[in-house]
Amino acid sequence: MKKIEGAPKNLKQLLQNTKYSIHYYQREYMWEQKQIEELLDDLTTEFLEYYREGDSRQAVADYGVYFMGSVVLAGRENAIIDGQQRLTSLTLLLMYLNNRLEQTGRSLSVIEQMIYSEAWGIKSFNINVEERQECMLAIFEGQPFDITSSSESVRNLYNRYNDIVSLFPSEEVTDEMLLHFCDWLAEKVFFIEIVASEEQDAHKVFVTMNDRGLS
């Protein structure tokens with residue numbers, strides 16, 4: 001096994017202006033409504049533990065952190081070997097927050113940069129899977145999308161975004177708190193990023209992490 005590197009990174013450091021690939025033989029995006037509901041509940045509950053009415057956005061710097069486990073990446077293509085379910089779901093949450101900010105006449109460049117990057121005047125999503133692009137664009141632009149003949153991943157993407165829209169506790173995380181929540185999500189939600197130069201080594205790390213001890 002060649003060199004393996006691990007480092008803590010927040011969500012902004014992981015996603016901002018960084019491209020990831022998911023190889024065709026990796027499993028589909030499979031999260032169901034239950035997992036989305038648990039994710040939203042965990043994140044919003046943790047955020048509300050720290051938020052106090054009247055806090056400035058600068059106060060978020062002193063809020064506590066939330067740990068979301070590890071992601072395992074491989075090679076120059078930044079292929080996601082472990083973590084695509086969480087990173088994809090968080091990207092859908094970022095899209096929801098971006099759309100909600102736009103509805104209130106606001107924007108936050110860091111959120112946009114965690115969703116997509118732009119080169120030569122062309123935008124492309126940071127989690128870069130060709131078959132998902134059309135659906136992701138429709139979600140990003142707040143447009144309907146027909147999933148009738150779509151793959152399982154695309155159907156799940158679209159349905160899970162709609163779950164976020166219906167399940168996000170907007171009565172608790174109100175429009176007045178939204179920028180605070182976005183700042184906290186970007187800066188205070190942490191992963192351990194594990195990077196292997198060879199994909200074979202990344203798979204070994206994944207197996208070691210997930211196939212030891214009791215199930």
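So, how was this worked out
Residues numbered from 1 in each chain as written. Predicted model: local features only at pLDDT ≥ 70, side-chain atom pairs only at ≥ 80, totals over all residues. Heavy atoms only, no water. Helix = DSSP H or I, 4+ residues; strand = E, 2+ residues; numbered from the N terminus. Contact = heavy atoms within 4.5 Å. Areas by Shrake-Rupley, 256 points an atom, 1.4 Å probe, with all protein chains shown as cover. 1 Å grid on protein atoms, 1.4 Å probe; cavity = no way out; pocket = protein on both sides within 12 Å on 5 of 7 lines; lining within 4 Å. Points joined across faces, edges and corners; volume = space filled by probe spheres on them. Nonpolar A, V, L, I, M, F, W, Y, C, P; charged D, E, K, R; others polar. Buried < 20%, exposed > 50% of the residue type's maximum accessible area, 1.4 Å probe, protein only.

Undergrad: Could you clarify how one ought to interpret the overall build of the protein chain in this entry?
TA: Helix and strand counts for the protein chain come out as eight helices and six strands. Secondary structure of the protein chain in N-to-C order comes out as β-α-α-β-β-α-α-β-β-α-α-α-β-α. Excluding contacts between residues fewer than 6 apart, the proportion of contacts in the protein chain whose partners are at least 24 apart in sequence is 77%. Working note: accessible area of the protein chain is about 11400 Å², and carbon and sulfur atoms make up 47% of it.

Undergrad: What is the right way to read empty space enclosed by the protein from this model?
TA: If a probe as big as a water molecule is rolled over the atoms, it shows which places are left empty. If you walk through the whole model with that rule in mind, you get one cavity of 30 Å³ or more. Each pocket or cavity is described by its volume, and for the largest cavity that value is around 30 Å³. Taken together, Thr 88, Ile 127, Arg 132, Met 136 and Leu 157 form the lining of the largest cavity. Of the residues assigned to the lining of the largest cavity, the class counts are three nonpolar, one polar and one charged.

Undergrad: Honestly, the environment of Ser 151 in this entry has me stumped. Any pointers?
TA: Mapped onto the fold, Ser 151 is located in the loop between helix H5 (133-140) and helix H6 (152-167). With relative accessibility at 22%, the residue Ser 151 sits in the partly exposed group. Remark: the alpha-carbon pair of Ser 151 and Glu 28, spanning 123 residues in sequence, is separated by 9.0 Å.

Undergrad: Could you clarify how one ought to interpret the layout of surface pockets in this entry?
TA: Estimates place the volume of the largest pocket at around 210 Å³. Forming the walls of the largest pocket are 15 residues, and the residues nearest its centre are Asn 99, Gln 103, Ile 139, Gly 142 and Tyr 161. Elements with a minimum of two residues in the lining of the largest pocket: helix H3 (84-103), H5 and H6. Tallying contributions element by element places H3 first for the lining of the largest pocket, with five residues. The residue inventory of the lining of the largest pocket, partitioned by class, reads seven nonpolar, five polar and three charged.

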